[in-house]
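Each chain is listed here by its residues.
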Amino acid sequence: MPQVELFKNSAYSERKGLLSNVNVIVNYLENEEDIFLFIDKWFTISNNLNKNIIFYLDTEIANYNIKHLENISIIQCLPILLLENENNRNECTIIDSLQSLENNYLHNKEDNIFKTLENILFKNEIFIFDVLQNENCKNYFIEKIMKNENIVKVFHFAVFDISYLGGFTNCKNILCTYEIVKKFIPFHILQIDCFKLNKLVEYFISYNRHEVVNNNFDSLIDILTCDNKLEMQQSDWAVRPLSLQQLEYSCKDVIGLIFLHLNEMKILCDNQNIYYKNKYFTHLKTLQYNNLFYKDEVNQPTTVNNQKENEEDIDQLDRELKEISNEFKILESKYNNLNERLKKVMLTKEMKETKHFKLISSKRNFTSIPLLDLVESVIELQNNNNTSVDNLKKTNLNDIKINVTKEMRKIFDENGLNDVVNYEKYMHQSTLHYLQNKK
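Residues numbered from 1 in each chain as written. Predicted model: local features only at pLDDT ≥ 70, side-chain atom pairs only at ≥ 80, totals over all residues. Heavy atoms only, no water.

The next thing to look at is the packing of helix H7 (residues 177-184) against helix H11 (residues 244-268). Look at H7 against H11: their axes get within 10 Å of each other, and the N-to-C directions meet at 35°. As for the relative orientation of H7 and H11, their crossing is left-handed in sense. In this structure, H7 uses Thr177, Ile180, Val181 and Phe184 to contact H11, whose residues at the interface are Leu257, Leu260, His261, Glu264 and Leu268. Of the residues in the contact of H7 with H11, the class split is six nonpolar, two polar and one charged. (Axes fitted to C-alpha atoms, helices over the stretch in contact; angles between N-to-C directions. Helix = DSSP H or I, 4+ residues; strand = E, 2+ residues; numbered from the N terminus. Left-handed = near helix turned anticlockwise from the far one by under 90°. Contact = heavy atoms within 4.5 Å. Nonpolar A, V, L, I, M, F, W, Y, C, P; charged D, E, K, R; others polar.)

Shown next, in the form of structure tokens:
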């Protein structure tokens, strides 16, 4: 199994300083027999119910800008075999694996995340599967790994990679770091609004630097930093052999993915963020039970853990909300005021953008039909089809509902309609809950 010596000019590979015990071992596999051997090994391990496996995955696409000719060039993979879970696998494989990841690598809250990543890279290896000319290998990987319910697969912006690796309906137990940071870590905890992998990695490098006191992780940070990402993404992944730059980039991406996921899990595992962790785990259970991925959660069955929500410290919530309520009102008022003033000036001066903001203009189309015209059209339809009102009620026209406002009822009353319309028959009630400051 050939090993590619990457980062050969860096201190990381030359084993200098505190990184002397760390290796980045990359196995470049292009032979079908070697790829099958790797897949079979991990498929066998996955059947051991006392083991948890997480695959960190990425893909590079050949001919990505040529419609109908795009295809997977390589699959980058870093599999992690986690220590035995004393309780074996629980009812949700994904949660069980994440808890094992926490117990194995994030249990010590004092550990620096760079040290944690260094430890993972020391214990595991990166594999690059060259599947461009080998459809059998790609299909075998999909069948044995992607469809395997005992292996958790982690991607960033998974919707892209999954479209080349079997599709949403076939892939099991998929985690997406993009989804975690966008949906389950609120802005007041993580102040970032760009969710590209390289931008998130850059943010967390800066976020964790203050924790580095006596340890020198400059070489590891160099590996996490990718200055030529766009150039490498747009490079020709259909050409063989792949360049050393391309191989370096492909490895950096999967290392960055692990680094991002570790940071996300560290945030969620913080005791102060237990609410968001529970919310995320509830979401994962829903996905696994319903075999769903990236579906509209509005249509999913409600699986909210009411017991855990009711266990929250209501006095603490009450106190924290009160502490920030005045500050929020001030900021909201100032933001809205500045927003309107800047927008007005930009419109007056016909400016499209400033240093920090763009002016977005959108046109909305709406249809406004006088009520009597609508009634006249229904009567005309009735006459043309020689049908009764009762028959029209059996069609989907009866599914159209018009919300009657107070202003409309006032006009109806002025014109005598309130005497013929039975409002009670169509009355619906909804309850709106909101908090109000006590005087």
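In this model, helix H8 (residues 197-209) (13 residues) spans 18 Å end to end at C-alpha, consistent with the 18 Å of a helix rising 1.5 Å per residue. Structurally, H8 contributes buried residues whose contacts are with helix H4 (113-123), H7, helix H9 (218-224) and H11. (Expected span 1.5 Å × (residues − 1).)

All right, on to unusual backbone geometry then. Along the chain, Arg240 connects to Pro241 via a cis peptide bond; the corresponding omega equals 0°. Relative to the elements of secondary structure, Pro241 occurs in the loop between helix H10 (229-233) and H11. Positive phi, normally seen in glycine, also occurs at Asn63, with a value near 55°. As for its placement among the helices and strands, Asn63 is situated in the loop between strand E3 (52-62) and strand E4 (71-82).

The next thing to look at is a nonpolar patch on the surface. Judged by side-chain polarity, Ile369, Leu371, Leu374, Val375, Ile379 and Ile402 come together as a nonpolar surface patch covering roughly 510 Å² of accessible area. By the secondary structure assignment, Leu374 is in helix H15 (residues 371-384). (Patch = residues over 30% accessible without salt bridge, like charges linked within 9 Å, V, L, I, M, F, W, Y side chains within 5 Å. Areas by Shrake-Rupley, 256 points an atom, 1.4 Å probe, with all protein chains shown as cover. Salt bridge = Lys/Arg side-chain N within 4 Å of Asp/Glu carboxyl O.)

Pairing is possible between side chains of opposite charge, provided their charged atoms come close. Summed over all chains, the structure comprises eight salt bridges. Between Lys183 and Glu179 there is a salt bridge; the shortest N-O distance is 3.8 Å. With a gap of four residues between them, Lys183 and Glu179 both fall in helix H7, about one helical turn apart. In this structure Glu179 comes out as buried when scored by relative accessible area, which is 3%. Where Lys229 meets Asp253, a salt bridge forms, and the shortest distance between an N and an O atom there is 3.0 Å. Here Asp253 lies in helix H11 and Lys229 lies in helix H10, a separation of 24 residues in the sequence. Of the two residues, Lys229 and Asp253, neither departs from the other in class, the shared state being buried. (Buried < 20%, exposed > 50% of the residue type's maximum accessible area, 1.4 Å probe, protein only.)

Within the largest apolar cluster, 98 residues are counted, with the highest numbers of intra-cluster contacts made by Tyr56, Phe129 and Met146. Looking at this core element by element, the count peaks at 13 residues for H11. In contact with Phe129, not counting residues within four places along its chain, are Leu29, Ile35, Phe38, Ser73, Ile74, Ile75, Cys77 and Phe141. (Core = buried A, V, L, I, M, F, W, Y, C linked by side-chain atoms within 4.5 Å.)

Here the focus is the pairing of E3. Counting buried residues in E3 gives 11 out of 11 residues, a clear majority hidden from the surface. In E3, alternate side chains face the same way, and those of Asn52, Ile54, Tyr56, Asp58, Glu60 and Ala62 on one face and Ile53, Phe55, Leu57, Thr59 and Ile61 on the other are all buried. Pairing between E3 and E4: 11 bridges, direction antiparallel. Paired with Leu57 across the bridge in E4 is Cys77. Both E3 and strand E6 (residues 151-155) contribute to a ladder of four bridges, which runs parallel. Paired with Phe55 across the strands is Lys153, a residue of E6. (Pairing = 2+ DSSP bridges.)

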